[in-house]
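Summary of structural features
What follows is each chain in one-letter form.
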Amino acid sequence: MEPVFRSLEIAARLAVRATGTRITFSGLENLPTVGGAVIAINHTSYVDFLPAGLAATERGRRMRFMIKAEMEQVPGVNYLIRHTSTIPVDRSAGAGAYAVAVEALRGGELVGVYPEATISRSFELKEFKTGAVRMALESGVPLIPLIVWGAQRIWTKDHPRAIGRRKIPVNVAVGAPIEPSGTPAELGTALRSAMSDLLDHAQRDYPAPPGAFWVPHRLGGGAPTPEEAKRRDEAELAERARRRAERKAKTNR
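Residues numbered from 1 in each chain as written. Predicted model: local features only at pLDDT ≥ 70, side-chain atom pairs only at ≥ 80, totals over all residues. Heavy atoms only, no water.

**Regarding empty space enclosed by the protein**
Per the counting criterion, the structure on display carries one cavity of 30 Å³ or more. The volume enclosed by the largest cavity comes to roughly 30 Å³. Around the largest cavity, the lining residues are Trp149, Gln203, Tyr206, Pro207, Ala208, Trp214, Val215, Pro216 and Leu219. Residues belonging to the lining of the largest cavity are distributed by class as follows: eight nonpolar, one polar and no charged. (1 Å grid on protein atoms, 1.4 Å probe; cavity = no way out; pocket = protein on both sides within 12 Å on 5 of 7 lines; lining within 4 Å. Points joined across faces, edges and corners; volume = space filled by probe spheres on them. Nonpolar A, V, L, I, M, F, W, Y, C, P; charged D, E, K, R; others polar.)

**Some remarks on the packing of aromatic side chains**
Across all of its chains, the model carries three aromatic pairs by this definition. Seen from their ring centres, Tyr46 and Trp155 are 4.9 Å apart, and the 45° between their planes marks the pair as tilted. Of this pair, Tyr46 sits in the loop between strand E2 (37-41) and helix H2 (49-58) while Trp155 is found in the loop between strand E6 (143-149) and strand E7 (169-174), placing the two residues 109 residues apart along the sequence. Owing to a relative accessible area of 37%, Tyr46 belongs among the partly exposed residues under this scheme. On the basis of an interplanar angle of 85° and a centroid distance of 5.7 Å, the ring pair of Tyr206 and Trp214 is categorised as edge-to-face. The class for Tyr206 is buried, based on a relative accessible area of 5%. (Phe/Tyr/Trp six-rings, centres within 6.5 Å; stacked < 30°, edge-to-face > 60°. Helix = DSSP H or I, 4+ residues; strand = E, 2+ residues; numbered from the N terminus. Buried < 20%, exposed > 50% of the residue type's maximum accessible area, 1.4 Å probe, protein only.)

**Quick word on the sheet that holds E6**
Strand order in the open sheet made by the seven strands is E1-E7-E6-E2-E5-E3-E4, with mixed pairing throughout. One side of each edge strand has no neighbouring strand; the edge strands of this open sheet are strand E1 (22-26) and strand E4 (87-89). On average, each strand axis in the sheet is inclined to that of its neighbour by 25°, with strand direction left out of account. Examined bridge by bridge, E6 and E7 share four bridges and lie antiparallel to one another. (Pairing = 2+ DSSP bridges. Axes fitted to C-alpha atoms, helices over the stretch in contact; angles between N-to-C directions.)

**Considerations on H2**
Counting buried positions over the ten residues of H2 gives seven, a clear majority of the element. Among the residues of H2, those classed as buried are Pro51, Ala52, Gly53, Leu54, Ala55, Ala56 and Thr57. Within two residues after H2, Gly60 carries a phi angle of roughly 75°, on the positive side.

**Remarks on the environment of Asp158**
Note that Asp158 resides in the loop between E6 and E7. Taking C-alpha positions, Asp158 is 34 Å from Arg59, a pair spaced 99 residues apart along the chain. Within polar-contact distance, the side chain of Asp158 engages the side chain of Arg121 at 2.6 Å. (Polar contact = N/O pair within 3.5 Å; in protein donor to acceptor, adjacent residues only side chain to side chain.)

**Some words on the packing of helix H4 (residues 95-106) against helix H5 (residues 131-139)**
Contact pair H4 / H5: the axes reach a minimum separation of 9 Å and the direction vectors enclose 45°. One element, H4, and the other, H5, form an angle in the oblique class. Handedness of the H4/H5 crossing: right-handed. Residues Tyr98, Ala101, Val102, Leu105 and Arg106 of H4 touch H5, and the partners they reach there are Gly131, Arg134, Met135, Glu138 and Ser139. Looking at the contact of H4 with H5 residue by residue, the class counts come to five nonpolar, two polar and three charged. (Parallel < 35°, antiparallel > 145°, perpendicular 65-115°, else oblique. Left-handed = near helix turned anticlockwise from the far one by under 90°. Contact = heavy atoms within 4.5 Å.)

Pasting the structure below:
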């Protein structure tokens, strides 16, 4: 029994109902009912973990997410992390989290991973990190691509949250399992190709009002191009580094 996880599942469904969010699932049969798998999820929103997690719930499973370690400092979140087998990742020293994830996969868990690591401001796929494919290869479990589309309208970077009963549609598409074979580079190429196909399909089947901030630039939306999004990401990282250096200097005075 996992009472905290069960409570979160109930709360998630209540939140979906209260906001009128309409989640449509496709390809759920690709999520295994037993055994471990790395679930590779695109990252466009602060809340895309919720529809992704509910996809697992639809199959009678629970997904263990890898989450940045800084979230342990948020009041209340540390309790949830410890009681839901969430895996905190220290980006400056991720080997410990990697080992925990591999152990969970070998134990038959579904582990949700964002190969892009951070939210995509362009809402297109960013460059992938290698953690997801390496975990699949080391644990011998399949990689399963999963696309969440529409959640960026609810809460994403650089834009206010859409709070209230907005009735925003969210599509969740699960692709066919990719067997863990070949080199990390080869498996990474296969994963990116599968996720790109799923994303293109999800975008084609979703309304795209011209100029809307959540619509990719190539589809006529107001989102930045991948190149511009990368520049914004780099500027954000530089600003964070400046603030850290400033805090450190004040501490050492």
